[in-house]
Protein chains: 2
Amino acid sequence: MKLTNTSEYALRILTYMAKDPAQLYSAKSLVEKLNISDKYLRRLMTTLSKQGFIYSIQGREGGYSFRKEPSEIRLADVVDAVEGMDTYAGCVLGFEECSCENPCVMHATWIKVREEFLSVFTNTTLADIDFEQAKRY
Amino acid sequence: MKLTNTSEYALRILTYMAKDPAQLYSAKSLVEKLNISDKYLRRLMTTLSKQGFIYSIQGREGGYSFRKEPSEIRLADVVDAVEGMDTYAGCVLGFEECSCENPCVMHATWIKVREEFLSVFTNTTLADIDFEQAKRY
DNA sequence: ATAATATACTACTCTATTGTAGCATTTATT
DNA sequence: AATAAATGCTACAATAGAGTAGTATATTAT
């Protein structure tokens, strides 16, 4: 029950930006705040830009800002964009053919966990985050 | 929300064996049934043996059988033995210092998912599996 | 125009997981 | 004792994710 580092980074970045969504953020400022390596963050920002979450503005005084409203960005959308959600929707034992109609022995046990994950990640947007309760960023 | 392949394999093997827990299983029979490569399965069986879940009986007519009762093997124990549960207990954004006292912005959202996972995997043993409902194995 | 400052792109390296090959060891059967 | 059939071990190969380096491109201020 662990996202890839890349998904973690993407969520770190976008949740950080969502706290003040109108601002323009430079790669430099994000790197300093979020403890992600410079080059890797830049590459990820390009991905997030191409996926339509953010604008990237090149040149001096450039940076990144939201293209979509935070309320229109679900956590699952972010994960899906950078690593794909397919893995998270699959069988816990790794069987391709597993489904509710053709379940593996773990299916009934696992589905409770999987549904909770999918439910939280599809029903939570960047605008739903309670920034006040957090002691970080 | 995906286990490693190795964890998947370990659970495939042990849940399969748990359906008829008194039996002695050869590596060959497990490979044929469970679609795991021969060498990798053997290595994994040695790990599961060293971790105390199963006996391994060498020589002709050898094989593997349960050392612990299936009712004493929790799913979390299996995952912990082959890949460690630490990753699954951590912060969704990857912050080392994240906790309920010092939460990240995603903490409240993520904890619901994490607790469901930990609860299911620590409260389910190999004996709790409903083999009748499964259409596989 | 030029310099400064920002992002974009491509290719490479590093690391951990996963998978494979070959040989060694063990034990029952004959 | 020899053979056959099983597991054990060590080293290597393949792959994917993560991270790095260097160069190219774009834009603004002067």
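Calculation notes
- Residues numbered from 1 in each chain as written.
- Chains lettered and ligands numbered in written order.
- Predicted model: local features only at pLDDT ≥ 70, side-chain atom pairs only at ≥ 80, totals over all residues.
- Heavy atoms only, no water.
- Least-squares fit on C-alpha atoms with pLDDT ≥ 70 in both.
- Contact = heavy atoms within 4.5 Å.
- Near = heavy atom within 4 Å.
- Polar contact = N/O pair within 3.5 Å; in protein donor to acceptor, adjacent residues only side chain to side chain.
- Helix = DSSP H or I, 4+ residues; strand = E, 2+ residues; numbered from the N terminus.
- Nonpolar A, V, L, I, M, F, W, Y, C, P; charged D, E, K, R; others polar.
- Axes fitted to C-alpha atoms, helices over the stretch in contact; angles between N-to-C directions.
- Parallel < 35°, antiparallel > 145°, perpendicular 65-115°, else oblique.
- Left-handed = near helix turned anticlockwise from the far one by under 90°.
- Buried area = accessible area lost by both parts, 1.4 Å probe.
- Salt bridge = Lys/Arg side-chain N within 4 Å of Asp/Glu carboxyl O.
- pLDDT = per-residue confidence, 0-100.
- Buried < 20%, exposed > 50% of the residue type's maximum accessible area, 1.4 Å probe, protein only.

Before going further, it helps to spend a moment on the relation of the copies chain A and chain B. Superposition of the two copies of the chain requires a rotation about an axis together with a shift along that axis. Note on the copies: chain A fits chain B at an RMSD of 0.1 Å, the axial shift is 0.0 Å, and the rotation between them is 180 degrees. The superposition of one copy onto the other is thereby described by a two-fold rotation axis. The overlap is high: 100% of the interface residues of chain A also sit at the interface in chain B, so the same surface is used on both sides.

On to the protein's contact with DNA strand D, then. Taken together, 25 residues form the shell around DNA strand D, and within it N5(A), A27(B), R42(B), S56(B) and Q58(B) come nearest. Among the atoms of DNA strand D lying within 4 Å of the protein, the sugar-phosphate backbone contributes 65%. R60(A) is positioned with one of its backbone polar atoms (N or O) 3.2 Å from a base oxygen of DNA strand D. Within the side chain of R43(B), one N or O atom sits 3.3 Å away from a base nitrogen of DNA strand D. The element contributing the most residues to the surface near DNA strand D is helix 3 (residues 38-50) of chain B, with four residues. For the surface near DNA strand D, a count of residues per class yields five nonpolar, 13 polar and seven charged.

So, about the packing of helix 1 (residues 5-18) of chain A against helix 4 (residues 75-82) of chain A. All names here are of chain A. Relative to each other, helix 1 and helix 4 sit at 135 degrees, their axes nearing to 9 Å. Taken together, the axes of helix 1 and helix 4 lie oblique to each other. Taken as a pair, helix 1 and helix 4 cross one another with a handedness that is right-handed. Contacts from T6, S7, A10, L11 and L14 of helix 1 reach helix 4 at L75, V78, V79 and V82. Of the residues assigned to the contact of helix 1 with helix 4, the class counts are seven nonpolar, two polar and no charged.

The partner chain B presents 41 residues to the 41 residues of chain A that form the contact. Overall, the association of chain A and chain B removes approximately 4000 Å² of surface from exposure, summing both partners, and the carbon and sulfur fraction of that is 67%. Where chain A touches chain B, the interface holds zero salt bridges. The interface formed by chain A and chain B holds six residue pairs in polar contact (both at pLDDT 80 or more) in total. For the side of chain A that touches chain B, the secondary structure elements donating two or more residues are helix 1, helix 5 (86-89) and helix 6 (107-123) of chain A. Broken down by class, the residue content of the side of chain A that touches chain B amounts to 24 nonpolar, seven polar and ten charged.

Moving on, we come to the confidence of the model for chain A. Confidence along chain A averages 93 in pLDDT terms, with 98% of residues attaining 70 or more. Prediction confidence for the complex, expressed as pTM and ipTM, is 0.92 and 0.89 respectively.

Residues and elements named next belong to chain B. Its place among the elements puts S65 in strand 2 (residues 63-66). Note on S65: relative accessible area 13%, which makes it buried. Measuring from C-alpha to C-alpha, the distance between S65 and Y55 comes to 5.3 Å, with ten residues separating the pair along the chain. Excluding anything up to four places from it in sequence, S65 contacts M17, Q23, L24, I54 and Y55.

Around DNA strand C, the surrounding shell holds 24 residues, and the nearest of these are A27(A), R42(A), S56(A), Q58(A) and T6(B). Between a phosphate oxygen of DNA strand C and a side-chain N or O atom of S37(B), the distance comes to 3.0 Å. At 3.4 Å, a backbone N or O of G59(B) approaches a base oxygen of DNA strand C. Put simply, the parts of the chain that give the surface near DNA strand C at least two residues each are helix 3 (38-50), strand 1 (54-57) and strand 2 (63-66) of chain A together with helix 1 (5-18) and helix 3 of chain B. The greatest single-element share of the surface near DNA strand C, amounting to four residues, is contributed by helix 3 of chain A. Its residues assigned to classes, the surface near DNA strand C shows five nonpolar, twelve polar and seven charged.

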